Amino acid sequence: MHFKHPEVLYFLFLLLLPILVHLFQLRRFKTELFTNVRFLKELVVQTRKSSKLKKYLLLATRLLLFTFLILAFAQPFFEAKDHKNANNELYIILDNSFSMQAKGKKGELLKRAVQDLLEQAPENTQFSLITCTDNFWNTDIKSIQKELQNLTYSATPFQPESLLAKVKAHPSAFKKDIVIITDGVGLESKSFGKPQADENVYFILPEAENTNNIAIDSVYLHQTLDQFYEIGVAVTAHGDDFKDIPLAIYNQGKLVAKTLVNFDKPKQQLKFNLPKEDFHGYVSLNDNALEYDNTYYFSLSKPQKNNVLSIGDNNNAAFLGKIYTTDEFNYTHYELRNLDYNAIEKQDAVILNELPDIPASLQTTLKTFVAKGGNVVVIPAANANTTAMNALTKALGGGYSYGNWKTEEQLISKINFNHPLYSQVFEKKTDNFQYPKTKASYRVQSSLPSVLEYNDQSPFLSATTNGIANIYYFAAPIDKDYSNFCNSPYLIVPTFYNMALSAQKVGINALIIGDSKPFITNSILGKDEIVSITNANESFIPVQQIMNQKVKLTFNDNPKTAGNYQVDRKGQFLENLSFNYARTESNLNNRNTAIADEFKEIDSTDHLFDTLQADRNDTQIWKWFLLLTLLFALVEIAIQKWVK
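Residues numbered from 1 in each chain as written. Predicted model: local features only at pLDDT ≥ 70, side-chain atom pairs only at ≥ 80, totals over all residues. Heavy atoms only, no water.

Caption draft 1: Structural detail: the overall build of the chain. A tally of helices and strands in the chain yields twelve helices and 38 strands. With 644 residues in all, the chain has 46% of them scored as buried. In the chain, once contacts between residues fewer than 6 apart in sequence are set aside, the share between residues at least 24 apart is 70%. Here the chain has roughly 35,100 Å² of accessible surface; of this, 51% comes from carbon and sulfur atoms. (Helix = DSSP H or I, 4+ residues; strand = E, 2+ residues; numbered from the N terminus. Buried < 20%, exposed > 50% of the residue type's maximum accessible area, 1.4 Å probe, protein only. Contact = heavy atoms within 4.5 Å. Areas by Shrake-Rupley, 256 points an atom, 1.4 Å probe, with all protein chains shown as cover.)

Structure below.
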């Protein structure tokens, strides 16, 4: 037992006073003589015995009364077993990502967590609250009540490692209690790391009652027909027992197509034909589950011809002219000695078709070209200067180098069907395919993804990207002296066709909020001019870099809400653009509850503050001593009244 005011215990010496009063009798007894004193002596003896017992009872009662009164003023208490953490600072990390839209027993998980905090948090408790979008440092529940009530869902997925880093970096003289409120969807235990010695990490894991959900994953351009675009809509059902779900497409707010989705399998690819004109709208469905992934915004512009330039010997370029037809491409061919370097910056793709040597000036020009969003295709010559080739690959980002020439026949036997070059080419993966082969090739060292591979798993075609441009490397020449690749139309046509396409000129503009991928817009800006991204509800200025006749835009975490936007320059429309939320939290069954095994778990938000303080509050017992004081005061009164 401990005392809050131990100095009061010195008053226990005052207990000597009632003892002294009872020891020293101030009254003296005088003997009186009577006749027949025999009976009087017996009466005196009995009376003196009764008086003596009463005095001892009063002495004991008064001693206990004063003892308990002094102890009560000293405020005794039993020290809590976790008293060392009583002064810990509280940090609450609240997951307000879209998976918290799911409904639990008392409504949406996020809204229920906020309501519990508002109802249960003591007004005088200081804490810090961190969400995916906001930080409230050293505050109390009353100060942030309005902000919590207006808290919205975040376009940025829940990233516990970055939020924990903020808490760890926040200066504090005390230990930290970190409470993470999340449903655990899509999280990995390693994202949280190990708590430091001055940290206690707790988890509250609210759970959704219904984990079934349907998400529109993406919209893509399947093919371009004479009068129509054929677009594909990828839809995924997470869970089971789904009935026919209505799905509709809107352009500028007007319904243009509608169908029912029958989920006989979890993933569905739906095809729609849209008129060959500018499209600026969305596709939507209603599944009575998560709302954020029920709408997918996209923009589609009339296709422009892609500019393709090949550099090499005229005799080796005939097949390119057959692929890059005039109805879809502006195709130009130069021999190296006649190359117009100024024409390169106007291209969408440049093909180095079996050049024996690559001058340093061309390497520098191509490096700048790739940085501005242009695609480059490198086809080596049989007698290539590998030193110059490797200098080029290094300038374009590295990860690939040409080694020795080997005259060995090899079969190209593997296609990466998931690569963007082929993702929309083949209806299904097939092994019954007449694969081409090469008679000779270079030994290459590559850390880049392979698009086509030999039967020994070495790469024949490799690809890399810087986010706005793609670079492709062949490991062997493809002319007829060294390969029959040109005799495989089902492979060579889609390969070179897709390598020349610029995503900015053909396809669907649908960016993901929070993705670092930049966007190139064709616009000539003055020295002090900027472009902005706007719609009816939001406007922002992206990070931008002027590149001759183009502008490179980077959006970071903007915009805050998904929707259809447009690129403006001083109020002048440039082009349409759409943004969507990342579909990383659509699968509510992907819930990681194992994190609670590695850390401490609190049952629910409404038990948060009780749980944290349960083992930290000292047990105050001074009230019991005060009650005992009153009890013995009543006992003294009873003795005075009833004991004779």
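Caption draft 2: Highlighting the pairing of strand E7 (residues 135-139). One ladder, built from three bridges, connects strand E6 (residues 127-131) with E7; its direction is antiparallel. Counterpart to Phe127 in the pairing with E7 is Thr139. What sits between the antiparallel neighbours E6 and E7 is a turn of three residues. (Pairing = 2+ DSSP bridges.)

Caption draft 3: How the structure looks around helix H3 (residues 109-120). The terminal C-alpha atoms of H3, which comprises twelve residues, lie 16 Å apart, in line with the 16 Å expected from a rise of 1.5 Å per residue. Of the positions making up H3, those classed as buried are Leu109, Leu110, Ala113, Val114, Asp116, Leu117 and Leu118. (Expected span 1.5 Å × (residues − 1).)

Caption draft 4: Molecular detail of the pattern of salt bridges. Inspection of the entire model under this criterion finds seven salt bridges. Where Asp116 meets Arg112, a salt bridge forms, and the shortest distance between an N and an O atom there is 2.9 Å. In this pair, Asp116 and Arg112 are both assigned in helix H3, four residues apart and thus about one turn of the helix distant. Looking at Asp116, the relative accessible area reads 8%, which means it is buried. When its relative accessible area of 24% is taken as the criterion, Arg112 is described as partly exposed. Salt-bridge contacts for Lys437 lead to Glu409; the nearest nitrogen and oxygen are separated by 3.6 Å. Linking Lys437 in strand E23 (residues 437-438) with Glu409 in the loop between strand E21 (400-406) and strand E22 (410-415), this pair joins segments that are 28 residues apart in sequence. By sharing partners, the salt bridges in this structure join Arg112, Asp116 and Glu119 into a single network. (Salt bridge = Lys/Arg side-chain N within 4 Å of Asp/Glu carboxyl O.)

Caption draft 5: A look at the sheet that holds strand E34 (residues 550-554). With respect to topology, three strands assemble into an open sheet ordered E30-E34-E33, the strand pairing being antiparallel. Since the sheet does not close on itself, it has two edges, and those belong to strand E30 (519-522) and strand E33 (543-547), each with one partner. In this sheet, adjacent strand axes meet at a mean angle of 25° when their direction is disregarded. The pairing of E33 with E34 spans five bridges and is antiparallel. (Axes fitted to C-alpha atoms, helices over the stretch in contact; angles between N-to-C directions.)

Caption draft 6: Structural detail: unusual backbone geometry. In this chain, Asn558 is followed by Pro559 through a cis amide linkage whose omega measures -5°. As for its position among the elements, Pro559 is in the loop between E34 and strand E35 (563-569). A positive phi angle is found at Gln252, which is not glycine, with a value near 55°. With respect to the helices and strands, Gln252 occurs in the loop between strand E12 (245-251) and strand E13 (254-261). In the Ramachandran plot, Asn288 falls in the positive-phi region, its phi being about 60° despite a non-glycine side chain. With respect to the helices and strands, the residue Asn288 is situated in the loop between strand E15 (279-285) and strand E16 (295-300). For Asn288, a relative accessible area of 68% corresponds to the exposed category.

Caption draft 7: Region of interest: the packing of aromatic side chains. Here the structure, examined in full by the defined rule, presents 27 aromatic pairs. Plain terms: the ring middles of Phe474 and Phe496 are 5.7 Å apart, the flat faces sit at 10° to each other, and that makes the pair stacked. On the criterion of sequence distance, the pair formed by Phe474 in strand E27 (residues 470-474) and Phe496 in helix H9 (residues 489-500) is long-range, its members being 22 residues apart. When its relative accessible area of 0% is taken as the criterion, Phe496 is described as buried. Three or more aromatic residues joined by ring pairs make a cluster, and in this case those are Phe319, Tyr454, Phe460, Phe474, Phe485 and Phe496. (Phe/Tyr/Trp six-rings, centres within 6.5 Å; stacked < 30°, edge-to-face > 60°.)

Caption draft 8: Structural context of helix H5 (residues 160-169). Burial in H5 covers these residues: Pro160, Leu163, Leu164 and Val167. Taken end-on, H5 shows its buried residues confined to a sector of 100°, consistent with a single buried face. Structurally, H5 contributes buried residues whose contacts are with strand E3 (89-94), E6, E7 and strand E8 (176-181). (Arc of directions from axis to C-beta.)

Caption draft 9: Representation of the environment of Thr152. For Thr152, the position within the fold is in the loop between helix H4 (145-149) and H5. Note: C-alpha distance between Thr152 and Thr133 (19 residues apart in sequence) is 8.9 Å.

Caption draft 10: Structural view of the sheet that holds E12. Pairing is antiparallel in the open sheet, where five strands are placed in the order E13-E12-E15-E16-E28. Single-partner strands in this sheet number two, and they are E13 and strand E28 (508-509). Pairing analysis gives six bridges linking E15 to E16, with the strands arranged antiparallel. Paired with Gly281 across the bridge in E16 is Phe298.

Caption draft 11: Structural context of the environment of Ala208. Residue placement: Ala208 occurs in the loop between strand E9 (199-204) and strand E10 (213-224). In sequence terms Ala208 and Gly104 are 104 residues apart; their C-alpha atoms lie 4.4 Å from each other. Excluding anything up to four places from it in sequence, Ala208 contacts Ala102, Lys103, Gly104 and Leu109.

Caption draft 12: Geometry of the nonpolar core. In this structure, Ile533, Phe555 and Leu608 are the most contacted members of the largest nonpolar core, which totals 51 residues. Examining the composition of this core, we find that six residues originate from one element, H3, more than from any other. Discounting chain neighbours no more than four positions away, the residues touching Ile533 are Glu538, Ser539, Phe540, Pro542, Leu553, Phe555, Tyr565, Gln566, Val567, Leu577 and Phe579. Grouped together as the second largest cluster of nonpolar side chains are 33 residues, Phe329, Ala349, Phe426 and Leu461 included. (Core = buried A, V, L, I, M, F, W, Y, C linked by side-chain atoms within 4.5 Å.)

Caption draft 13: Region of interest: the packing of helix H7 (residues 360-371) against helix H8 (residues 386-395). Closest axis-to-axis distance for the H7/H8 pair is 9 Å, and the angle between their directions is 25°. The angle between the axes of H7 and H8 places the two elements in the roughly parallel class. Along this stretch, H7 crosses H8, giving a crossing that reads as right-handed. Within the contact between the two elements, H7 uses Gln363, Leu366 and Lys367 and H8 uses Ala388, Ala391, Leu392 and Ala395. Residues of the contact of H7 with H8, tallied by class, amount to five nonpolar, one polar and one charged. (Parallel < 35°, antiparallel > 145°, perpendicular 65-115°, else oblique. Left-handed = near helix turned anticlockwise from the far one by under 90°. Nonpolar A, V, L, I, M, F, W, Y, C, P; charged D, E, K, R; others polar.)

Caption draft 14: Inspection of the side chain of Ser154 at higher detail. Within the secondary structure, Ser154 sits in the loop between H4 and H5. Polar side-chain contacts of Ser154 include one of 2.9 Å to the backbone oxygen of Thr156. Beyond its immediate stretch of four places on either side in the chain, Ser154 contacts Asn96, Ser97, Phe98, Cys132 and Thr133. (Polar contact = N/O pair within 3.5 Å; in protein donor to acceptor, adjacent residues only side chain to side chain.)

Read these as geometric descriptors, not functional statements.
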